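Residues per chain, in single letters:
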Amino acid sequence: MTKAPAMPCRRLLLTASLAALAAGTAPWLTACGFHLRRPPEFAFRSIYVDMPASSTLGAELKRQLASAGLQVITDAAEKNRAQVILQALQDSRERSVVGLNAAGQVREYQLRVRFGFRLVTPAGHVALPDAEILREIDQSYSESAALSKEAEAEMLYQSMQSDVVQQALERIAAIQLPASGQQAGQ
């Protein structure tokens, strides 16, 4: 009969031990440089994204830039008001066969999202030279599950696209504009 009250005590002791362990390791995490992901900080306040309106990657990039606190100029006639102009050089989704089964049917695809871009000031100064971000992933394929595999491919493309946008934001945030380049767009 004494074992029944001992279970809550063990649970309480375990909970207290885990809480003490978590409290004891928190300062070590910050000391090693661990920080939660924050929105990037940019050296400019306004940007024009030169990408087709039909681009899903361009739409997501504009959303992320706006949520980071930048003024995203959408009118091409006013792009000279922006401090920097992001020029898309390439925005593509690719799919290639990487594996076949014994009957010659597709067994595996490789999906790719490729984004090439550069950042310039309205005066023509290149702030970030031509850069390319490539994400790729392999996807198994089965003819009997073609519809579900197409839906899976679309989800994989969306995930890779989000990753490409995050990497592009990090590269854009890393640039430093010269003082004259910042004043030219204001």
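Use the structure listed above.
Small disclaimer: the values here were computed from a predicted structure and weren't measured.

Undergrad: Whenever I open this one, the pattern of salt bridges confuses me. Can you help?
TA: It is possible for side chains of opposite charge to pair when their charged atoms get near one another. One pass over the structure, following the stated rule, counts ten salt bridges. Arg93 serves as the salt-bridge partner of Glu154, at 3.2 Å between the closest nitrogen and oxygen. With Glu154 in helix H3 (residues 146-173) and Arg93 in strand E3 (residues 84-100), this residue pair connects regions lying 61 residues apart in the sequence. Among the salt bridges present, the one from Asp163 reaches Arg135, with a minimum N-O distance of 2.6 Å. Of this pair, Asp163 sits in helix H3 while Arg135 sits in strand E5 (residues 126-140), and the two are 28 residues apart along the sequence. Connected through shared salt-bridge partners, Glu94, Arg112, Arg114, Glu132 and Glu136 make up one network.

Undergrad: Got a minute to help me understand the environment of Ile47 in this structure?
TA: With respect to the helices and strands, the residue Ile47 is situated in strand E1 (residues 46-50). In the structure, Ile47 is positioned 26 residues away from Ile73 in sequence and 6.1 Å away in space, judged by C-alpha atoms. The contacts of Ile47, once residues within four sequence positions are left out, are Leu65, Leu70, Gln71, Val72, Ile73, Ala82, Val84, Leu86 and Leu119.

Undergrad: Teacher, can you tell me more about the packing of helix H2 (residues 56-67) against H3 here?
TA: For any two helices packed against each other, one specifies the inter-axial angle together with the distance between the axes. With their axes 10 Å apart at the nearest point, H2 and H3 run at an angle of 50° to one another. One finds that H2 runs oblique with respect to H3. Note that H2 runs across H3; the crossing there is right-handed. Of H3, the residues touching H2 (which contributes Thr56, Leu57, Glu60, Leu61, Gln64 and Leu65) are Gln161, Ser162, Val164, Val165, Gln166 and Leu169. Here the contact of H2 with H3 is composed, by residue class, of six nonpolar, five polar and one charged.

Undergrad: Is there a simple way to think about the nonpolar core in this case?
TA: One broad trend across soluble globular proteins is that nonpolar side chains are buried collectively. Of all hydrophobic cores here, the largest spans 35 residues; its most connected members are Phe44 and Leu119. The dominant element in this core, judged by the number of residues it contributes, is H3, at ten residues. Those residues within four positions of Leu119 in sequence are excluded, and the remaining contacts are Phe44, Ile47, Val84, Ile85, Leu86, His125, Val126, Ala127, Leu128, Ile172 and Ile175. Within the second largest apolar cluster, five residues are counted, among which are Tyr48, Ile73, Ala82 and Val120.

The rules behind the values
- Residues numbered from 1 in each chain as written.
- Predicted model: local features only at pLDDT ≥ 70, side-chain atom pairs only at ≥ 80, totals over all residues.
- Heavy atoms only, no water.
- Salt bridge = Lys/Arg side-chain N within 4 Å of Asp/Glu carboxyl O.
- Helix = DSSP H or I, 4+ residues; strand = E, 2+ residues; numbered from the N terminus.
- Contact = heavy atoms within 4.5 Å.
- Axes fitted to C-alpha atoms, helices over the stretch in contact; angles between N-to-C directions.
- Parallel < 35°, antiparallel > 145°, perpendicular 65-115°, else oblique.
- Left-handed = near helix turned anticlockwise from the far one by under 90°.
- Nonpolar A, V, L, I, M, F, W, Y, C, P; charged D, E, K, R; others polar.
- Core = buried A, V, L, I, M, F, W, Y, C linked by side-chain atoms within 4.5 Å.
- Buried < 20%, exposed > 50% of the residue type's maximum accessible area, 1.4 Å probe, protein only.

Nothing here speaks to function; it is geometry throughout.
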